[in-house]
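Below are the chains, spelled out letter by letter.
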Amino acid sequence: MKKLLRVVLVLAFTLSLGSIGWCKEQLRFWTMWTGPTELPPQQEWVRDFNELYPEVEIILEQVPWGEYFEKYVAAIGGKNPPDLGVLPPETSVQFGVAGFLEPVDDIVEELGSNLYPSLVQLHTYKGHTWAAPHVNYAQVLFVRKDWLEDTGIVPPTPDQKAWTWDELVEVAKKMTKDERWGLTGEICSLSRSHSTEHAVAMAITRHGTQYRDEEGNIIFNNPNTIRAVQELADLFLEHKVIPPASPSYVANEEIMLFQTGKVGMLGASSGYYDIIREEAPDVFSQLLLLPYPTGPAGGANWISPDGIGIFKGSKNVAMAKEFIKFYLRDENIRKWAKSTSGLCATISGNEDPFFEAPIFKVQEQQIAWGWGCRTNGKSVTPSDGEVIGMLIFQDMMQDIVVNGIPVDVAVKSAAERIENLPSIKQGL
Amino acid sequence: MINTLEREDVAGYLFLIPAFVFIVIIIGYPLVNGVLLSFYERSLIYPISNFIGLENYIELVKDPDFWNILANTFCWTLSVTGLTLIVGLALALVLDNPILKGRGFFRAAWLLPWALPTIVASLMWNWMYEPTIGVLNFILSKVGLIKEPILWLAVPSLARLSVLIVGVWKGFPFVMISLLAGLQSIPRELYESASIDGASSWASFKYITLPSLIPVISIVTTLQLIWNFNHFDIVYQMTKGGPGKATMLMSTAVYNQAFGATRLGYGSAMATVMLVVLCVFGYMYFSLYKKSWE
């Protein structure tokens, strides 16, 4: 009898302990920043926040960048989205307009002018801000100094700002020999991922065009687009300066090739700076950081001011907002930016001598030169999210380089797909 | 007597009700809903829900990509099923041979591909196939078989072959183990009699082994056809259906349409076509199962 009583007591005690855990509200936070230098600061904030607010528990869930859009869509479709999530501007606007996000206007108002207005603008559409920007990454041209010296070409001088595209191709050609290639990364990606969408967006911006005009008309099928797409395809088909397996890449093969000394230049997010330092110190010691090349219409860079959004139906919107504000505190956001070589989305966050380092300067320069290619500071629209999400540019590039379809035919076909996007049809 | 049987029958059917209800909820409802969705234009993101009749199917029939993807899927299904059967049977015969030493070791080793999570296997093969830093090209060039790196996943025809190899590698252990069980159930006396009558090894295989294995082979093959036609993970992980759409299968195309393009209706129409093909395979399976039971 005593034994039974003891068992009952232990069970009751265990259950009561468990029930304390059950009472805690759990808020799921999806992050796509899952690299070895990206995850630890986030884990730290989550831990600190959970200690500060014991009534809730933020659960950090990792989602790969390559599949983030499909995962969000599947979760929304299954009526089980996370409470909070990292969102690029085109996705935040798309989901916001579709009614899946809570506006974060009050957070933006509270932080006032401390948040860079141009970054807030990118997450704002139809009078509401759908995600609070927390970091800002510009892409950087990582160049092997030793390989560049071998080519005899000098890096761009300060008055030049950057190489032209033709100069970049010239350097890449000289670097390409003996199973070593000149260029790889998001700047010229042909992979089956969002990187190809970014490469095409940058190429058409360099040529002074977009896929739609100010009035929202689809103008993708135009001579400048054809020239821009041809320029990208030529890297593979004519100049052969990018690794021949590029159309088959689905993950981080491009960065791996640069790290293993197979490619001389990598055009990619500044976030890779720390990964190269950690994983390939020999390559890191030879790094030269340059801005992206310019085209006929100037420079272009896929600047990523990702934000954090709150999904409708979140178990505790007030605490989710608290978490975003906590995230945006100078000490927290700085920790993040420092460990991933990005810039803070807050002005006070960047006021630290640490951000004088070249990796930050080269990003600041390109931002200051207005080299964005997400409509150059204006609001993005839901159709931007759809073009990226549906990988229309990627299909186009694969058709050209793998299936041998002429550039003008592939561009025309992509333009038709864009014209038939649900958001375009609905005039969003 | 009849009354007793009837009462037993009724009790039997009553016991089936919970399972039946469960199946209707978790299989029947999504299935019917999926077929119904194929008659709608519906987006996962925007509030669009228009009944459009057969328009999704008409678009499918007119879409050359759809026919290429369907052909890819049949090629993949038949090739993987055929090759896993040949490899599985060959290795089952090796394992069934009493003169083989260390059978336990080989059985465990050959089961490994099946035990390995598909995501791990796909990533592992992806890196092995990497033309510049992958181990496969490294070995082939070291032994002097190649001078230029082979672009395993970047050339459409090679990409098809490369994912096929992984599909066979991942699928043969199931066939091997099933056939080994079949082989071990064949009475040894049959082989002894055949040997006394002067039958060669080939004759024993042709007239004893193969006929005895036919029921197992039929069922295993049909199951493989169903699983391979449904296949998603290896191809999605390794190539995402590329390069171009060279390795795109029906299941990956359905996923892309429903969750990438957010065209739920069109994706459902593709899935319904898959369902029809799978029903044929399912019918084959149950016919063969019934036959072997009889």
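Here the structure is shown first, and the text comes after it.
Keep in mind it's a predicted model, so treat the numbers as computed, not measured. (Residues numbered from 1 in each chain as written. Chains lettered and ligands numbered in written order. Predicted model: local features only at pLDDT ≥ 70, side-chain atom pairs only at ≥ 80, totals over all residues. Heavy atoms only, no water.)

Asks: So what exactly am I meant to see when it comes to the overall build of chain B here?
Replies: If you tally the helices and strands in chain B, you get 12 helices and 2 strands. Taking 2.2 N^0.38 as the reference for a compact globule, 294 residues should give roughly 19 Å; the C-alpha atoms of chain B span a radius of gyration of 24 Å, well beyond that estimate. If you line up chain B on its principal axes, its C-alpha atoms span 80 × 75 × 30 Å. Counting over 294 residues, chain B shows a buried share of 41%. A separation of at least 24 residues holds for 67% of the contacts in chain B among residues at least 6 apart in sequence. Total accessible area on chain B stands at roughly 16,100 Å², and carbon and sulfur atoms take up 72% of it. (Helix = DSSP H or I, 4+ residues; strand = E, 2+ residues; numbered from the N terminus. Rg over C-alpha atoms; globule rule 2.2 N^0.38 Å. Buried < 20%, exposed > 50% of the residue type's maximum accessible area, 1.4 Å probe, protein only. Contact = heavy atoms within 4.5 Å. Areas by Shrake-Rupley, 256 points an atom, 1.4 Å probe, with all protein chains shown as cover.)

Asks: For this particular structure, what's the right way to read the interface of chain A and chain B?
Replies: Reports often express the size of an interface as the amount of accessible area lost when the parts come together. Between chain A and chain B, the residue contacts involve 39 residues of the former and 34 residues of the latter. Of all residues in chain A, Glu-70, Arg-192 and Val-250 of chain A give up the largest surface area on contact with chain B, accounting jointly for 18% of the area buried on that side. A salt bridge links Lys-240 of chain B to Glu-67 of chain A, with the shortest nitrogen-to-oxygen separation between them at 3.5 Å. In this assembly, chain A and chain B are joined by 5 residue pairs in polar contact (both at pLDDT 80 or more). Counting residues per element, the ones that place at least two in the side of chain A that touches chain B are helix 3 (68-77), helix 4 (89-97), helix 11 (253-259), helix 17 (382-389), helix 18 (392-401) and helix 20 (422-425) of chain A. A total of 6 residues in the side of chain A that touches chain B trace back to one element, the largest contributor, which is helix 3 of chain A. (Buried area = accessible area lost by both parts, 1.4 Å probe. Salt bridge = Lys/Arg side-chain N within 4 Å of Asp/Glu carboxyl O. Polar contact = N/O pair within 3.5 Å; in protein donor to acceptor, adjacent residues only side chain to side chain.)

Asks: Honestly, the packing of aromatic side chains in this entry has me stumped. Any pointers?
Replies: Two descriptors summarise a pair of aromatic rings, namely the distance from one centre to the other and the angle between the planes of the rings. Applying the stated rule across the entire model yields 42 aromatic pairs over all chains. Between Trp-33 of chain A and Trp-65 of chain A, the ring centres sit 5.3 Å apart and the planes meet at 85 degrees, which makes this aromatic pair edge-to-face. On the criterion of sequence distance, the pair formed by Trp-33 of chain A in the loop between strand 1 (25-31) and helix 2 (39-52) and Trp-65 of chain A in the loop between strand 2 (56-62) and helix 3 is long-range, its members being 32 residues apart. Under the relative-accessibility criterion, Trp-33 of chain A is labelled buried at 7%. Their ring planes at 80 degrees and their centres at 5.1 Å tell us that Phe-49 of chain A and Phe-323 of chain A sit as a pair that is edge-to-face. With a gap of 274 residues between them, Phe-49 of chain A in helix 2 and Phe-323 of chain A in helix 14 (residues 317-327) connect regions that are remote in the sequence. A cation over a ring is seen here: Lys-240 of chain B above Tyr-236 of chain B, with NZ or CZ 4.8 Å from the ring centre. Just above the ring of Tyr-266 of chain B sits the side chain of Arg-263 of chain B; from NZ or CZ to the centre is 4.4 Å. (Phe/Tyr/Trp six-rings, centres within 6.5 Å; stacked < 30°, edge-to-face > 60°. Lys NZ or Arg CZ within 6 Å of the ring centre and 35° of its normal.)

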